[in-house]
Each structure stands twice: as C-alpha cells, then as structure tokens.
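Architecture at a glance
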Amino acid sequence: MLSIASHALARAGRATWTWGLVALLALIAAVSRADDIPPPAGPAAEPSALVLPTVAFRGDGAGTELYDALHASPLLAHLSKEAPGSPIQLLIYHTVRPAHMDAKNFFSGLAAVGTLGLSPVVMSGEHSMHYELYVNGQQVLRREYTANLSRKEYLNSKAADATHGLGSDGEVWAKSTVDLFLKDLAHDAAVRAMNDEYQLYFGNAVSGAAPPAVPAQH
C-alpha cells in the first residue's frame, strides 16, 4: 500500500512539474511575441516646410496691397518686387463683375448731383482676387477667390479710389484671401515638385524670363 502511494505521489509530482514547465514555456513565447509587435504608429509626419526661392511679384493696385502680408509668410520670404528676372513669378490682380445697380439710389443720386454735387449709388458685384504662379512663363498654379460685395460710389467724385474698387469691406475680404492662398500654395503637389526640381538644378540662380503682363481692368 505504501509503495502504491509513493508511486502516486511521484506521478503527481511529475505532472505538476510538467504543467509548470509548459506554463513557463508559454509565458516565454508570449513575451517573445510581444517583443516582435511594433509600437503603435504615431501621428503622420507633417510635410516638410516649403520655402520657395526668389519669386518676382507683380500685381495691380489691389494685388500690390497684399504684398506685405504675403512677404511676411516664411513660404514667400523671398518674394520681391525687385527681382523681375526671376524664373518664378507671382501675379495677383482683382476683377469685378457688376451684378446690378439699385435704381432708387441711382435716381436719388442723380438729383443729388444737381444740388449737393454728390451722387451716392449703391453698387454690388462679384469681386475676385486672382493668384497665378508662373515658372519660365508657364502657369503652375492658379487660384481665384470670389465674394459678392456692395459699396457706394459717387458718380462725380474726382478723388482717386484708395481701395482700388473694393470698398472698405472689400479690402478686409481681399486681405483674408492671403491666408487661403498660402494654404493652397503650401499643399499643392505641382508647386512642391517644381520647388524640388528648381533647388536640385538651379539653387538660387535666376534667369531673365520676362514677367507675365497684368490683365487690363474692364
């Protein structure tokens, strides 16, 4: 009886040892697999900051008003009014498509001409700011931002319009298009490819390409 009990205890001991060994091996395998698992992916890397080389600036009256805001951006830190020979040129201009003229204000304005010499006429239209980027005369990027604006005009006014046809509210709107353009410019694949190729072959060299003409206002 004692011999049977001893054998039973021995078998139990071997079973316990075997299961312990199996559990240890399973733990080692789990740790090994965990080491092979790559860490969670972090946030996607932001595209490298884009800084364009020397860019010649051209614009009409409204476009020229945006020069300082554009030049303040690191993206266009090399924007210049004094680099007409640069192969890269930025053209900015304003256009307006009149929508209608308020007849009531128009006729009341005509009466005012004969009395006070003033003719306030409420005019509205579709105003657009155009941004065009050229490389050696070839257009690489074109953006147009549009808003419907109303303003008062004085038919017999001899004073120059300091807002270049935009009006005070239009000036605020035009300046707001700068940030829109800079964002579009920074994320445009064609502009990035152009910049990479330009830096690879030319660095900071410039050529004598003639700037595009500013479209005439109608």
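Residues numbered from 1 in each chain as written. Predicted model: local features only at pLDDT ≥ 70, side-chain atom pairs only at ≥ 80, totals over all residues. Heavy atoms only, no water.

**Some details on the packing of aromatic side chains**
- Tallying each qualifying case throughout the model produces three aromatic pairs.
- Ring centres of Phe 57 and Tyr 67 lie 5.2 Å apart, and the angle between their planes is 70°; on these two criteria the pair is classed as edge-to-face. Taken together, the positions of Phe 57 in strand β1 (residues 55–59) and Tyr 67 in helix α3 (residues 67–71) put the pair ten residues apart, joining distant regions of the chain. Of the two residues, Phe 57 and Tyr 67, neither departs from the other in class, the shared state being buried.
- Judged by centre distance (5.6 Å) and plane angle (75°), the ring pair of Tyr 131 and Tyr 145 falls under edge-to-face. Here Tyr 131 is found in strand β4 (residues 120–135), whereas its partner Tyr 145 is found in strand β5 (residues 138–154), with 14 residues between them in sequence.
- These aromatic residues form a ring-pair network of at least three members: Tyr 131, Tyr 145 and Phe 181.
- The ring of Tyr 67 carries Lys 81 above its face, with NZ or CZ at 4.6 Å from the centroid. (Phe/Tyr/Trp six-rings, centres within 6.5 Å; stacked < 30°, edge-to-face > 60°. Helix = DSSP H or I, 4+ residues; strand = E, 2+ residues; numbered from the N terminus. Buried < 20%, exposed > 50% of the residue type's maximum accessible area, 1.4 Å probe, protein only. Lys NZ or Arg CZ within 6 Å of the ring centre and 35° of its normal.)

**Points about the nonpolar core**
- Core analysis: the largest hydrophobic core is formed by 33 residues, its most contacted members being Leu 70 and Leu 76.
- Every element with two or more residues in this core is listed here: β1, α3, β3 (88–101), β4, β5, α5 (167–186) and α6 (189–201).
- It is α5 that provides the largest number of residues to this core, a total of seven residues.
- Setting aside anything within four residues of it in sequence, one finds Leu 76 in contact with Leu 52, Val 55, Leu 70, His 71, Leu 90, Phe 181, Leu 182 and Leu 185. (Core = buried A, V, L, I, M, F, W, Y, C linked by side-chain atoms within 4.5 Å. Contact = heavy atoms within 4.5 Å.)

**Considering the confidence of the model for the protein**
- Per-residue confidence for the protein gives a mean pLDDT of 72; residues scoring 70 or more make up 56%.
- Mean pLDDT per element in the protein: helix α4 (residues 103–115) is the minimum at 45, and α3 is the maximum at 96.
- Low pLDDT (under 50) marks residues 4–9, which in the prediction has zero contacts with non-local residues, meaning those over four places away or in another chain.
- Low pLDDT (under 50) marks residues 105–120, which in the prediction has 26 contacts with non-local residues, meaning those over four places away or in another chain. (pLDDT = per-residue confidence, 0-100.)

**Considering the side chain of Thr 177**
- The topology assignment puts Thr 177 in helix α5.
- Non-local contacts of Thr 177, meaning those with residues more than four positions away in its chain, are made with Leu 66, Met 129, Tyr 131 and Tyr 145.

**Some words on the pattern of salt bridges**
- Going through the model one piece at a time under the given rule, you end up with five salt bridges.
- The salt bridge involving Asp 184 is made with Arg 143; its shortest N-O contact spans 3.5 Å. With Asp 184 in helix α5 and Arg 143 in strand β5, this residue pair connects regions lying 41 residues apart in the sequence.
- Accessibility expressed as a relative area gives 26% for Asp 184, which makes it partly exposed. (Salt bridge = Lys/Arg side-chain N within 4 Å of Asp/Glu carboxyl O.)

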